[in-house]
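Spelled out from the first residue to the last, the chains are:
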Amino acid sequence: MQINFEDERPIFVQIADGIEDAILTGAFEESGQIPSITELSVSYKINPATALKGISILVDDGIIFKKRGVGMFVAPGAVSRLRGKRKELFFDHYIKKLIEEAKKLGITHEEILGMVERGYTE
Amino acid sequence: MNGIQINDVTKTFGDTLALNQVSLTFEPHKIHGLLGRNGAGKSTLLNIITNRLFADNGTVTIDGLSGTENDHAQGMIYLMSEKNLYPESMTCNEAFKWTKQFFKDFDLDYALNLARQFKLDPKKKIQSLSTGYNSIFKIITALSVNTPYVLFDEPVLGLDANHREMFYRLLIEKYSNNPFTAIISTHLIEEIANLLEYVIIIKNGEILVNESCEALLSKGYSVTGTINQVDTFVKDKEVIGEDVLGGLKTATVIGSINKSTLPDGIEIANLDLQKLFIKLTNEE
């Protein structure tokens, strides 16, 4: 997980997205414990309020749950819920940008489809 | 906890107006960045809060108590300053014990633990320490003193990158486990920007900015494109700075923006605290 200060996204969103990525790749397993607010703040050198704000997004989405006095854990079923959510965003985040850039470079519809095919075979 | 309130404070040194009718509040349990160019008035303000200097006018209250010549109020504040107020022959160990006499919550074990982490030999005399280790000694004291208010004036002066990183981590760890009110005056803005919850910028003895870091950075953006494109785009907008490189121009703009209606060829980037600081405090 990386925090990029040049990124358009605010840091608390990057924290939430980074934890989501870690859950999707299996680095944080369902029902497993995730780092505490203090650990997150210290390792990324950010204000604990920022880390808390990022975690709160995930708690509200039901991805993370808190056990009082114990810590924070990945909710069972988090992976499939995240996949669903990310799929919905896939078109806006990736396909629209891809087509925008392709238009800038004069890449045709057919050429893009060809590249996608190539991407799957390589 | 009511924080530290500065009400209408003015301070002059001879003909120099160091602080001009400054009013602001340092919120309790928050980390504040006190930023300003050399000579802007940062240290003067910190020294007035801690009674090392006295204001010509105005008042300082700490948790609602008058801060002027009030031992109880002053006992809640620790200032880590550039000046060394320890007797010349004192060792770090002796200085730690001495600090404990004045600040009853000073944690000697923690201080010695930090000294080990920073590889500071506590048997050394303070006067014999290098600039970097002098800062380290003062950082250790400030992090161990456990007062509700801790003021850091140039804490990382002379520290190498590894030691600066250690300081930031220790500060967050300490703050996260046991929140206190921190005021940090520094020139290394980029390194500390994400630690700050509130930002105060002083320019020529006056408060230029006083708000949450997040609100401040969301107030503007920078826009890059060809000179023509940028000039057209910013025509009716508040521009606080411009840089030109060949035919390319970047303008720093205050205001909100609708990202879905951007003209072609124009690129938008978020503001960062250091760039914003430089634009706001440049002398025209």
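Residues numbered from 1 in each chain as written. Chains lettered and ligands numbered in written order. Predicted model: local features only at pLDDT ≥ 70, side-chain atom pairs only at ≥ 80, totals over all residues. Heavy atoms only, no water.

1. With respect to the pattern of salt bridges
Scanning the model with the defined rule gives 21 salt bridges over all chains in all. Linking glutamate 165 of chain B and lysine 45 of chain A is a salt bridge whose minimum nitrogen-to-oxygen distance equals 3.1 Å. Note that glutamate 165 of chain B is positioned in helix α6 (residues 161–177) and lysine 45 of chain A in the loop between α2 (37–44) and α3 (48–60), a pairing that runs across two chains. Taking the relative accessible area as the measure of exposure, lysine 45 of chain A reaches 21% and is therefore partly exposed. (Salt bridge = Lys/Arg side-chain N within 4 Å of Asp/Glu carboxyl O. Helix = DSSP H or I, 4+ residues; strand = E, 2+ residues; numbered from the N terminus. Buried < 20%, exposed > 50% of the residue type's maximum accessible area, 1.4 Å probe, protein only.)

2. Brief notes about the domain arrangement of chain A
On domain assignment, one finds that chain A holds domain 1 (11–78) and domain 2 (88–121). Using only C-alpha atoms to locate each centre, domain 1 of chain A and domain 2 of chain A end up separated by 32 Å. (Domains from an automatic or database assignment.)

3. Side note on the packing of helix α3 (residues 92–102) of chain B against helix α4 (residues 108–118) of chain B
Residue and element names in this part refer to chain B. Following both chains from N to C, one finds α3 and α4 inclined at 150°, their axes separated by 10 Å at the closest point. In terms of their interaxial angle, α3 and α4 are classed as roughly antiparallel. Crossing of α3 over α4 shows right-handed handedness. Note on element contacts: α4 touches α3 through Leu108, Ala111 and Leu112, opposite Asn93, Phe96 and Lys97. Along the lines of polarity and charge, the residues of the contact of α3 with α4 split into four nonpolar, one polar and one charged. (Axes fitted to C-alpha atoms, helices over the stretch in contact; angles between N-to-C directions. Parallel < 35°, antiparallel > 145°, perpendicular 65-115°, else oblique. Left-handed = near helix turned anticlockwise from the far one by under 90°. Contact = heavy atoms within 4.5 Å. Nonpolar A, V, L, I, M, F, W, Y, C, P; charged D, E, K, R; others polar.)

4. Quick notes on the domain arrangement of chain B
All names here are of chain B. Entries for chain B in the domain assignment read domain 1 (4–215) and domain 2 (218–281). Taking only C-alpha atoms, the centre of domain 1 and the centre of domain 2 are 35 Å apart. Taking both partners together, domain 1 and domain 2 bury about 1100 Å²; carbon and sulfur atoms supply 66% of that area. Counting the contacts that link domain 1 with domain 2 gives one salt bridge. Note that glutamate 211 is salt-bridged to lysine 219, the shortest N-O span being 3.0 Å. Linking domain 1 with domain 2 are six residue pairs in polar contact (both at pLDDT 80 or more), by the criterion used here. (Buried area = accessible area lost by both parts, 1.4 Å probe. Polar contact = N/O pair within 3.5 Å; in protein donor to acceptor, adjacent residues only side chain to side chain.)

5. Focus on the interface of chain B and chain A
Note: interface size is frequently given as the accessible area lost on complex formation between the parts. Contacts between the two partners involve 16 residues from chain B and, on the opposite side, 16 residues from chain A. For the pair chain B and chain A, the summed buried surface comes to about 1400 Å²; carbon and sulfur atoms form 48% of the total. Taken as a group, Arg169, Ile172 and Asn194 of chain B account for 38% of the area that chain B buries against chain A, more than any other trio of residues on that side. Taken together, chain B and chain A are joined by two salt bridges. Inspection of the chain B/chain A interface yields six residue pairs in polar contact (both at pLDDT 80 or more). Element by element, the count of residues in the side of chain B that touches chain A is highest for α6 of chain B, at eight residues. Its residues assigned to classes, the side of chain B that touches chain A comprises six nonpolar, four polar and six charged.

6. Quick notes on helix α5 (residues 131–144) of chain B
Residue and element names in this part refer to chain B. With 14 residues, α5 extends 20 Å from end C-alpha to end C-alpha; this agrees with the ideal 20 Å at 1.5 Å per step. Within α5, 12 of the 14 residues are buried, which leaves it mostly tucked inside the rest of the structure. Here α5 has its buried residues at Gly132, Asn134, Ser135, Ile136, Phe137, Lys138, Ile139, Ile140, Thr141, Ala142, Leu143 and Ser144. Its buried side turned inward, α5 meets β6 (77–80), α3, α4, β7 (149–153) and α6. A positive phi of about 60° marks asparagine 146, the residue just after α5. (Expected span 1.5 Å × (residues − 1).)

7. Some words on unusual backbone geometry
Of note, serine 31 of chain A is a non-glycine position whose phi angle comes to about 70°, a positive value. One non-glycine residue, aspartate 63 of chain B, lies in positive phi territory at about 55°. Tracing the backbone through its elements, the reader meets aspartate 63 of chain B in the loop between β4 (57–62) and β5 (65–66). Looking at aspartate 63 of chain B, the relative accessible area reads 18%, which means it is buried.

8. Some thoughts on the sheet that holds β4 of chain B
All names here are of chain B. Across the sheet, four strands lie side by side as β2-β1-β4-β5; this open sheet has antiparallel pairing. The open sheet has two edge strands with one neighbour each: β2 (16–26) and β5. Bridge count for strand β1 (residues 4–13) against β4 is five bridges, and the pairing is antiparallel. In the sheet register, isoleucine 6 faces β4, and the bridge partner there is valine 60. (Pairing = 2+ DSSP bridges.)

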